[in-house]
Protein chains: 2
Amino acid sequence: MGHLREPLNDMQNCGLPSALEVMGERWSFMILRAAFNGLHHFEEFLGALGIARNILSNRLARLVEHGIMKREPLPDDRRKIEYRLTEKGLDLLPAMLALRQWGEKYGAGVPSNPVLCDERDGLPIAPIGIHAHDGRLIGPKELEWRDASEVGKTLGSYDDCEVKPQLSALR
Amino acid sequence: MGHLREPLNDMQNCGLPSALEVMGERWSFMILRAAFNGLHHFEEFLGALGIARNILSNRLARLVEHGIMKREPLPDDRRKIEYRLTEKGLDLLPAMLALRQWGEKYGAGVPSNPVLCDERDGLPIAPIGIHAHDGRLIGPKELEWRDASEVGKTLGSYDDCEVKPQLSALR
């Protein structure tokens, strides 16, 4: 990835590993998968996952605490609670699908049926990949780190072209 | 994601959560990040990550055991060992970058400088997203599960078009 490196020794400041532990823990990951599959109720998760009641309760609480899921009483019966993915939770889907495809490719025992498709045309989604700002697929060896100030300069020379709106989506 | 669901109760058969635990564990994740940043030697990891010697040794062994990194004596001095990402390891990059961007978006303390760029044009990469077979970006609510046999049928009607090679990349 070029000569510039990420600062790697700031583990204490980087919240990513701990966020990853929340989502990557075995049962949390299965709960998220179930939520993406449209399950909303405690008893549904319990039945579908074959998970112990106390573990399910603990993991749901952690996901809620991290803002990945939200806990909402139903308006017509406030004793009934729904668990739904927040926007922050929904935004985990590309990472989860990338992991799933990786598992499928390397025989981690991910079931290959059913197949995840685009509902518009019914065809399987593309592999999750790394794309340049203009949509080109790029490989792990075609990447480099740049100092933010330097990237700013490069952007300057792209004024008035269609690149900018896509870049703003990165922020 | 439509009416069909993944089979969710086959935890015992699904190797994804355990694969995820290997990669998602705090130190393993930092070692992978360092490897993607071009670090190869035990002493380099030690210095850059501020990790204890025994933990580094243990995590490197686990990554090698899972085929994510390989351990190679240097040809000119076989006492010197290099750790490098395998193809299986390199293929984790889209998932890792998706998590990183998620962390940046939700303030998990991911440093936003330096910026990961395409070395060809020096511009920041696009957000990792879910794309249809033809490259369209699709959202988490535009997905559906289809039975593999049904997808086969749909493909039949797409014979002789450019869609097929891309689909084969999914397998």
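Rules behind the numbers
- Residues numbered from 1 in each chain as written.
- Chains lettered and ligands numbered in written order.
- Predicted model: local features only at pLDDT ≥ 70, side-chain atom pairs only at ≥ 80, totals over all residues.
- Heavy atoms only, no water.
- Helix = DSSP H or I, 4+ residues; strand = E, 2+ residues; numbered from the N terminus.
- Buried < 20%, exposed > 50% of the residue type's maximum accessible area, 1.4 Å probe, protein only.
- Contact = heavy atoms within 4.5 Å.
- Areas by Shrake-Rupley, 256 points an atom, 1.4 Å probe, with all protein chains shown as cover.
- Core = buried A, V, L, I, M, F, W, Y, C linked by side-chain atoms within 4.5 Å.
- Pairing = 2+ DSSP bridges.
- Salt bridge = Lys/Arg side-chain N within 4 Å of Asp/Glu carboxyl O.
- Phe/Tyr/Trp six-rings, centres within 6.5 Å; stacked < 30°, edge-to-face > 60°.
- Polar contact = N/O pair within 3.5 Å; in protein donor to acceptor, adjacent residues only side chain to side chain.
- Axes fitted to C-alpha atoms, helices over the stretch in contact; angles between N-to-C directions.
- Parallel < 35°, antiparallel > 145°, perpendicular 65-115°, else oblique.
- Nonpolar A, V, L, I, M, F, W, Y, C, P; charged D, E, K, R; others polar.
- pLDDT = per-residue confidence, 0-100.

### Here's the deal with the overall build of chain A
From N to C terminus, chain A includes eight helices and four strands. Each helix and strand of chain A, placed in order from N terminus to C terminus, yields the pattern α-α-α-α-β-β-α-α-β-β-α-α. When burial is assessed residue by residue, chain A has 54% of its 171 residues classed as buried. Long-range pairs, those at least 24 residues apart, make up 44% of the contacts in chain A with a sequence separation of at least 6. When the accessible surface of chain A is split by element, carbon and sulfur atoms take 49% of a total near 8,200 Å².

### Some remarks on the nonpolar core
The biggest cluster of nonpolar side chains holds 88 residues, and the ones touching the most others in it are A:Met23, A:Phe45, A:Met69, B:Met23, B:Phe45 and B:Met69. When neighbours within four sequence positions are excluded, A:Met23 is seen to be in contact with A:Ser28, A:Phe29, A:Leu32, A:Leu92, A:Ala95, A:Met96, A:Leu99, B:Leu20 and B:Leu99.

### A closer look at the environment of A:Gly67
Residue and element names in this part refer to chain A. Mapped onto the secondary structure, Gly-67 falls in the loop between α4 (53-65) and β1 (69-74). Among the residues examined, Gly-67 registers a relative accessible area of 28% and is labelled partly exposed. Sequence spacing of Gly-67 and Ala-132 is 65 residues, and the spatial spacing of their C-alpha atoms is 30 Å. Residues contacting Gly-67, with those up to four places away along its chain left out, are Thr-86, Lys-88 and Gly-89.

### Quick look at the pairing of strand β4 (residues 143-146) of chain A
By the alternation rule, side chains of β4(A) split into A:Leu143 and A:Trp145 and A:Glu144 and A:Arg146, which are all buried. Relative to strand β3 (residues 115-118) of chain B, β4(A) runs antiparallel, the two sharing four bridges. Each residue of the ladder has a partner; that of A:Glu144, found in β3(B), is B:Cys117.

### Overview of the pattern of salt bridges
Evaluation of the coordinates by the stated rule reveals 22 salt bridges over all chains. Note that A:Arg53 and A:Glu43 form a salt bridge whose closest N and O atoms lie 3.5 Å from each other. Separated by ten residues along the polypeptide, A:Arg53 in helix α4 and A:Glu43 in helix α3 (residues 42-49) bring together distant segments of the chain. The shortest N-O distance in the salt bridge between B:Arg146 and B:Glu150 comes to 3.3 Å. You can call B:Arg146 buried: its relative accessible area is 18%. Exposure remark for B:Glu150: the relative accessible area of 35% places this residue in the partly exposed category. Taken together, the shared-partner salt bridges connect A:Asp118, A:Asp121, B:Asp134 and B:Arg136 into one network.

### As for the packing of aromatic side chains
Residues and elements named next belong to chain A. Under the counting rule described, the total for this entry stands at two aromatic pairs over all chains. Seen in terms of ring centroids, Trp-102 and Tyr-106 are 6.0 Å apart; in terms of plane orientation they differ by 50°. Their pairing is tilted. Owing to a relative accessible area of 24%, Tyr-106 belongs among the partly exposed residues under this scheme.

### Re the environment of B:Glu144
Residues and elements named next belong to chain B. Inspection of the secondary structure puts Glu-144 in strand β4 (residues 143-146). For Glu-144, a relative accessible area of 17% corresponds to the buried category. Separated by 44 residues in the primary sequence, Glu-144 and Arg-100 place their C-alpha atoms 26 Å from one another. There is a polar contact of 2.7 Å between the side chain of Glu-144 and the side chain of Arg-146.

### A word on the environment of B:Asp134
All names here are of chain B. Note on placement: Asp-134 falls in the loop between β3 and β4. Linking Asp-134 and Ile-31, residues 103 residues apart in sequence, is a C-alpha distance of 35 Å. From its side chain, Asp-134 meets the backbone nitrogen of Arg-136 in a polar contact 3.3 Å long.

### As for the packing of helix α2 (residues 26-36) of chain A against helix α6 (residues 93-105) of chain A
Residues and elements named next belong to chain A. Where α2 contacts α6, the axes come no closer than 12 Å and their chain directions differ by 110°. When the axis of α2 is compared with that of α6, the two are roughly perpendicular. Contacts between α2 and α6 involve Phe-29, Leu-32, Arg-33 and Phe-36 from the former and Leu-93, Met-96 and Arg-100 from the latter. A class-by-class count of the residues in the contact of α2 with α6 yields five nonpolar, no polar and two charged.

### Observations regarding the confidence of the model for chain A
All names here are of chain A. Mean pLDDT over chain A: 80, with 77% of residues reaching 70 or higher. Confidence drops under pLDDT 50 across residues 154-171; counting only partners more than four residues distant or on other chains, this segment forms 23 contacts. Confidence estimates for the predicted assembly give a pTM of 0.80 and an ipTM of 0.80.

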